[in-house]
Amino acid sequence: MRGKLTAVPSLFLDTLRKEHTDIPPIWLMRQAGRYLPEYRALRAQAKDFVDFCFSPRLAAEATLQPIRRYDFDAAILFADILLIPYAMGQDLTFPEGEGPRLPALMDGFDGVFNDMASTIDVLEPVFETVARVKQDLPESKALIGFAGAPWTVATYMIRGRGGENHADVREWAYRHPERFEALLDDLVAATSAYLSRQIEAGADAIQLFDTWAGGLPEKAFERWCIQPVRQIADTLRKKHPSTPIIGFPKSVGSLALNYVESTSVDGLGLDFGVPLEWARDVLAPHAVLQGNLDPVVLAVGGDRLTAEIDHILHTLEGMPYIFNLGHGILPHTPPEHVELLIDRVRGGPR
Ligand code: CP3
């Protein structure tokens, strides 16, 4: 246990608490994943991806692999944002090379969702994964727990699959406002309970992924993204006041200001489309920034990569921030590029 008086300093947590402004901590979204040969070998041991996420031994190992290889400052729990719909009672599969599939509400799926106790019960193996990781993780490394934000999770539940354009999901939400609001409320309750249990099992910080928050009309963004995240953050703060929360509302442009002001998240994940100077001047007073290297640039490497790393280091120099990508690492990224990235970030601006 990390006791108050004997605490080993954590660069990641100290930065999130604005107590550190020197070299930024670094971790990468999807740092455990197919770009690593050891991940692919581990993945082959599981029946399918859902089974992988619900096998504490395999999931804990996947969480720790990138820490061993690269010495990142934080580990992120190996799980998936779609485990909540699965636990609520919506079947979930990942057909090879196709992404997630669920029985869509839009296509008439009207199964009765599990009550909260049964939902959390299904998620028990995830808490065991957290506890296992916590045991094996060096004390100076933080463990990030996570969940999808309700809107993003709802898009998969409603349409049954991913995709960039959500006009059909918005249309369903506008046509069935009561069902949609009830769904958001259910997700707020389940996500709050799920994250609270992750913290109790040992997670040091929480990240909420709102991958599909971009492109919503302002009022919809406020009701569908900001309000649920604020409700979850309020619940977590009451129970676990010292656990920092990072929000990642992807591709929301200037609405990020409303998001940080209204949700009071401690950290804000920036996608690669956010102008960094603007984020520094306008958003950083409200939350510690995290981001925002383009994962495509990391995959390509070379001079472009070093120039873009240096740009981030220079722009945010002297303020607390967390180095990360603007979205998840791509499966074809050469592992050596990640090593180069970490060395350059730790070497400081040049
Ligand atoms: O970041 C990490 O290393 C922790 C683990 C993690 C995964 N998914 C593992 C995963 C996290 C934080 C997620 C979040 C997640 N999952 C999001 C939000 C972040 C984002 O990327 O936008 C979303 C939208 C999902 C849903 C999801 N899961 C999709 C769309 C896919 C298929 C796409 C793909 O990359 O195959 C997944 C599967 C998934 N989740 C994989 C991993 C490592 C790949 C599965 C495999 O190994 O075959």
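As shown above, the structure is provided for reference.
Structure report, in brief. From a predicted model like this one, the values you see are computed outputs, not experimental measurements.

Another point: helix 8 (residues 150-159). Counting buried positions along helix 8 yields 10 of 10 residues, so the element is predominantly enclosed. Of the residues making up helix 8, those classed as buried are P150, W151, T152, V153, A154, T155, Y156, M157, I158 and R159. Those residues of helix 8 hidden inside the fold are in contact with helix 5 (83-88), strand 2 (142-148), helix 9 (167-175), helix 10 (177-201), strand 3 (205-210) and helix 11 (218-239). The first or second residue beyond helix 8 is G160, which carries a positive phi of 85 degrees.

Okay, the pairing of strand 2 next. Put simply, side chains in a regular strand alternate between the two faces of the sheet. The buried fraction of strand 2 amounts to seven of the seven residues, a majority that puts the element mostly inside the structure. Side chains of strand 2 alternate between two faces, with A142, I144, F146 and G148 and L143, G145 and A147 buried alike. Pairing of strand 1 (residues 74-76) with strand 2 involves three bridges; the strand directions are parallel. By the bridge assignment for strand 2, A75 is matched with L143. In the sheet, strand 2 pairs with strand 3 via five bridges, with the strands oriented parallel. Paired with I144 across the strands is A205, a residue of strand 3.

This next bit is on the sheet that holds strand 7 (residues 321-325). One open sheet accounts for seven strands, arranged 1-2-3-4-5-6-7; its pairing is parallel. Looking along the sheet, the strands with just one partner apiece sit at the ends: strand 1 and strand 7. The average angle at which neighbouring strand axes cross in this sheet is 25 degrees, direction not considered.

Conventions and cut-offs
Residues numbered from 1 in each chain as written. Predicted model: local features only at pLDDT ≥ 70, side-chain atom pairs only at ≥ 80, totals over all residues. Heavy atoms only, no water. Buried < 20%, exposed > 50% of the residue type's maximum accessible area, 1.4 Å probe, protein only. Helix = DSSP H or I, 4+ residues; strand = E, 2+ residues; numbered from the N terminus. Contact = heavy atoms within 4.5 Å. Pairing = 2+ DSSP bridges. Axes fitted to C-alpha atoms, helices over the stretch in contact; angles between N-to-C directions.

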